[in-house]
Amino acid sequence: MAAAFLAVLFFGILTLWVPAQWPVAAVQVALFVLVLLCSGASRVRWHWVLVPALLLPATGLAQLAARRSEYAFATEEAAVAWFSAACALWLGLQLAGREWLRRALVWFSFLAAVLAILQLYTSGGRVIWLFPSGAGSEPYVMGPFPYRNHYAAWIILMLPAALYESFGRRAKIGRAHV
């Protein structure tokens, strides 16, 4: 299950630049299927952080039920997006104890960062040096991220895991020899 979750995350990140809806829909459907498969496990963890994550799509659904949405399609789309984010959070909480999963995410982030820096200075605004970015006037395509702000958000999101891997493991090794 953890390998499938990791594959969905990697696919989602590597297809951020595609200016179509199908990669987003594929990731959302995969997350929903993984949640259904994982929820049948014998031990399901619940955490308080899921409450606000589930309140966001519930707000959109309440708005639709009350017929108070200015543009129903956009509200539905946002509710599905927020629910898929809550599903990703729930899956992450279920799989949180797997050290190899955290390491794989850190190494993937490292490789994406190296690719992003190389591509920033050599690609001329093209994704993977081949495809037009579709980002309009944004010349700063960084790896699979069409906007530098998306890249920065991803790196900041992965920073705690990278710091834990670098300092937390060293502290464990140091204590083991004492």
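Structure's up top.
Residues numbered from 1 in each chain as written. Predicted model: local features only at pLDDT ≥ 70, side-chain atom pairs only at ≥ 80, totals over all residues. Heavy atoms only, no water.

Visitor: Explain the overall build of the protein chain to me, using residue names and the numbers behind them.
Guide: The helix and strand inventory of the protein chain stands at 6 helices and 2 strands. Counting every position in the protein chain, which comprises 178 residues, the buried fraction comes to 33%. Sequence-distant contacts, at least 24 apart, represent 67% of the contacts inside the protein chain between residues at least 6 apart. When the accessible area of the protein chain is evaluated, it comes to approximately 11,200 Å², of which 70% is carbon and sulfur surface. Averaged over its 13 positive side-chain charges, the protein chain has a centre that lies 14 Å from the centre of its 6 negative ones. (Helix = DSSP H or I, 4+ residues; strand = E, 2+ residues; numbered from the N terminus. Buried < 20%, exposed > 50% of the residue type's maximum accessible area, 1.4 Å probe, protein only. Contact = heavy atoms within 4.5 Å. Areas by Shrake-Rupley, 256 points an atom, 1.4 Å probe, with all protein chains shown as cover. Lys, Arg positive; Asp, Glu negative; His and termini not counted. Charge placed at Lys NZ, Arg CZ, Asp CG, Glu CD.)

Visitor: Lay out the nonpolar core with the relevant residues and their values.
Guide: In terms of nonpolar packing, the biggest core is built from 29 residues, with F5, L31, W90, L91, Y151 and W154 touching the most fellow members. A total of 6 residues in this core trace back to one element, the largest contributor, which is helix α5 (residues 99-122). Discounting residues that sit within four places of it in the chain, W154 has contacts with I13, L105, F108, S109 and F145. (Core = buried A, V, L, I, M, F, W, Y, C linked by side-chain atoms within 4.5 Å.)

Visitor: Hey, could you go over the packing of aromatic side chains for me, with residue numbers and the actual values?
Guide: In the structure shown here, the tally under the stated rule is 6 aromatic pairs. Consider the rings of F145 and Y151, whose centres lie 5.9 Å apart with planes at 65°: the pair is edge-to-face. This pair shows no difference in class: F145 is buried, exactly as Y151 is. (Phe/Tyr/Trp six-rings, centres within 6.5 Å; stacked < 30°, edge-to-face > 60°.)

Visitor: Can you break down helix α2 (residues 22-39) residue by residue, with the values?
Guide: Compared with an ideal rise of 1.5 Å per residue, which puts 18 residues at 26 Å, α2 spans 25 Å between its outermost C-alpha atoms and is within 8% of the ideal. For α2, the set of buried residues is P23, V27, Q28, L31, L34, V35 and C38. Buried residues in α2, looked at end-on, bunch into an arc of 135°, giving them a common side. Across α2 from its buried face, at more than 90 degrees, point the exposed residues W22, L36 and L37. Tucked into the core, α2 has its buried residues touching α1 (2-14) and α4 (72-94). (Expected span 1.5 Å × (residues − 1). Arc of directions from axis to C-beta.)

Visitor: Can you explain the state of the cysteines? Please cite residues and give values.
Guide: Using the criterion set out here, one finds 0 disulfides in the structure. C87 provides the cysteine sulfur closest to C38, a residue in no disulfide bond, and the two sulfurs are 11 Å apart. The class for C38 is buried, based on a relative accessible area of 10%. (Disulfide = S-S within 2.5 Å.)

Visitor: A description of unusual backbone geometry should follow, citing residues and the corresponding values.
Guide: Positioned with a positive phi, R67 is a non-glycine residue whose angle comes to about 55°. The residue R67 is located in the loop between α3 (50-65) and α4 in this model.

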